[in-house]
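# Residue-level structural notes
What follows is the residue order along each chain.
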Amino acid sequence: TPNIIALFETTGLVAPDAVLRSSNGVIDASGIVVSGLVDAQGTGVTLVAPAAMRALARATAGDVAITAGGDLAVDANATGGVALTSSGGNVAVGDAQAGGRMDIAAAQDIAIARSATAGGALALTAGRLVTIGGAALGQTVDLRAADLAI
C-alpha cells in the first residue's frame, strides 16, 4: 500500500468562517481574512493572518504555529510545539496544550483564560500585561512583560 501524504496549502483565504482539514498532512494557510472562526486540523498547522484572527487548531503529529497582525484568540492542541504570535495586538488563549515547547508572544497583552500547558518550556512575552486566569504550566516558565496579573 502506498504512503499518501496530503497537504493543504492556500494563500489568500477570505471567508466568514473556515474549516480546514487534512487527515494525513499539514495545513499551511496564509493571507487569512476570516471574520469568524478558523477551525484547522492536520498533522501540523500553520496559520498566518495579516489582521485579527480567531482560531481553533489541532496538530495530530506535529506543531501548531499561528501568527496574526492584530488580536489573536485561540484554542490549540499539538503533539509537538505551539507558537502563538500577535505582532500588533493581544493574544487571548482559552486552552492550549503542547507536547513540546510553547511560545506565546504579543505586542500588547497576553491573557490565559483556562490553561496553557507545555510538555517542555513555556515562554510568555508581552509588550504590556500578562494575565493568567487559569494554569500556566511547563517544565520551565519564562515570563517577560511590563506587568503580571494572576
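Computed from a predicted structure; not experimentally measured.

### With respect to the overall build of the chain
- On a plain count of helices and strands, the chain comes out with zero helices and 19 strands.
- A compact globule built from 150 residues should have a C-alpha radius of gyration of about 15 Å, and the chain, at 15 Å, falls within 12% of that.
- In terms of principal-axis extent, the alpha carbons of the chain reach across some 50 × 30 × 20 Å.
- Taking all 150 residues of the chain together, 41% fall into the buried category.
- Across the chain, the fraction of contacts at a sequence separation of at least 24, relative to all contacts at a separation of at least 6, is 1%.

### Concerning the confidence of the model for the chain
- Counting all residues, the mean pLDDT for the chain is 92, and 93% of those residues have values of 70 or more.
- Predicted confidence is poor over residues 1-7, with pLDDT under 50, and the contacts of this stretch with residues over four places away or in other chains come to nine contacts.

### Let's talk about the pattern of salt bridges
- All chains considered together, the criterion is met by seven salt bridges.
- In this structure, R21 engages D39 in a salt bridge whose closest nitrogen and oxygen atoms are separated by 3.1 Å. In this pair, R21 sits in strand 3 (residues 18-21) while D39 sits in strand 6 (residues 37-42), placing the two residues 18 residues apart along the sequence.
- A salt bridge links D75 to R114, with the nearest nitrogen and oxygen atoms 3.3 Å apart. Taken together, the positions of D75 in strand 10 (residues 72-78) and R114 in strand 14 (residues 110-118) put the pair 39 residues apart, joining distant regions of the chain.

### Some words on the pairing of strand 6
- Note: strand 3 against strand 6, four bridges, orientation parallel. From the neighbouring strand, A18 faces strand 6, where its bridge partner is V38.
- Note that strand 6 and strand 8 (residues 53-59) share six bridges and pair parallel. Within strand 8, the residue paired with Q41 across the bridge is R58.

### Looking at the nonpolar core
- Ranked by internal contacts, the top residues of the largest apolar core, which has 42 residues, are L47, M53 and I66.
- If we ignore the near neighbours within four places in the chain, the residues touching M53 are I32, V38, L47, I66, T67, A68, D71, L72 and A73.

### Describing the environment of V141
- Tracing the backbone shows V141 in strand 18 (residues 141-144).
- The spatial distance from the C-alpha of V141 to the C-alpha of G120 is 9.2 Å, given a sequence separation of 21 residues.
- When neighbours within four sequence positions are excluded, V141 is seen to be in contact with L122 and A136.

### A look at a nonpolar patch on the surface
- A surface patch of nonpolar side chains, about 380 Å² in accessible area, is lined by V141, L143, L148 and I150.
- The class for V141 is partly exposed, based on a relative accessible area of 46%.

### Comments concerning the environment of G70
- Relative to the helices and strands, G70 resides in the loop between strand 9 (64-68) and strand 10.
- Taking the C-alpha atoms as reference, G70 lies 9.4 Å from A106; in sequence the two are 36 residues apart.
- With residues up to four places along the chain from it excluded, the contact list for G70 reads P50, A51, A52, S86, G88, G89 and N90.

### Things to note about the environment of V26
- Locating V26 in the fold gives a position in the loop between strand 3 and strand 4 (27-30).
- In this structure the C-alpha to C-alpha distance between V26 and A61, which are 35 residues apart in sequence, comes to 9.1 Å.

Rules of the game
Residues numbered from 1 in each chain as written. Predicted model: local features only at pLDDT ≥ 70, side-chain atom pairs only at ≥ 80, totals over all residues. Heavy atoms only, no water. Helix = DSSP H or I, 4+ residues; strand = E, 2+ residues; numbered from the N terminus. Rg over C-alpha atoms; globule rule 2.2 N^0.38 Å. Buried < 20%, exposed > 50% of the residue type's maximum accessible area, 1.4 Å probe, protein only. Contact = heavy atoms within 4.5 Å. pLDDT = per-residue confidence, 0-100. Salt bridge = Lys/Arg side-chain N within 4 Å of Asp/Glu carboxyl O. Pairing = 2+ DSSP bridges. Core = buried A, V, L, I, M, F, W, Y, C linked by side-chain atoms within 4.5 Å. Patch = residues over 30% accessible without salt bridge, like charges linked within 9 Å, V, L, I, M, F, W, Y side chains within 5 Å. Areas by Shrake-Rupley, 256 points an atom, 1.4 Å probe, with all protein chains shown as cover.

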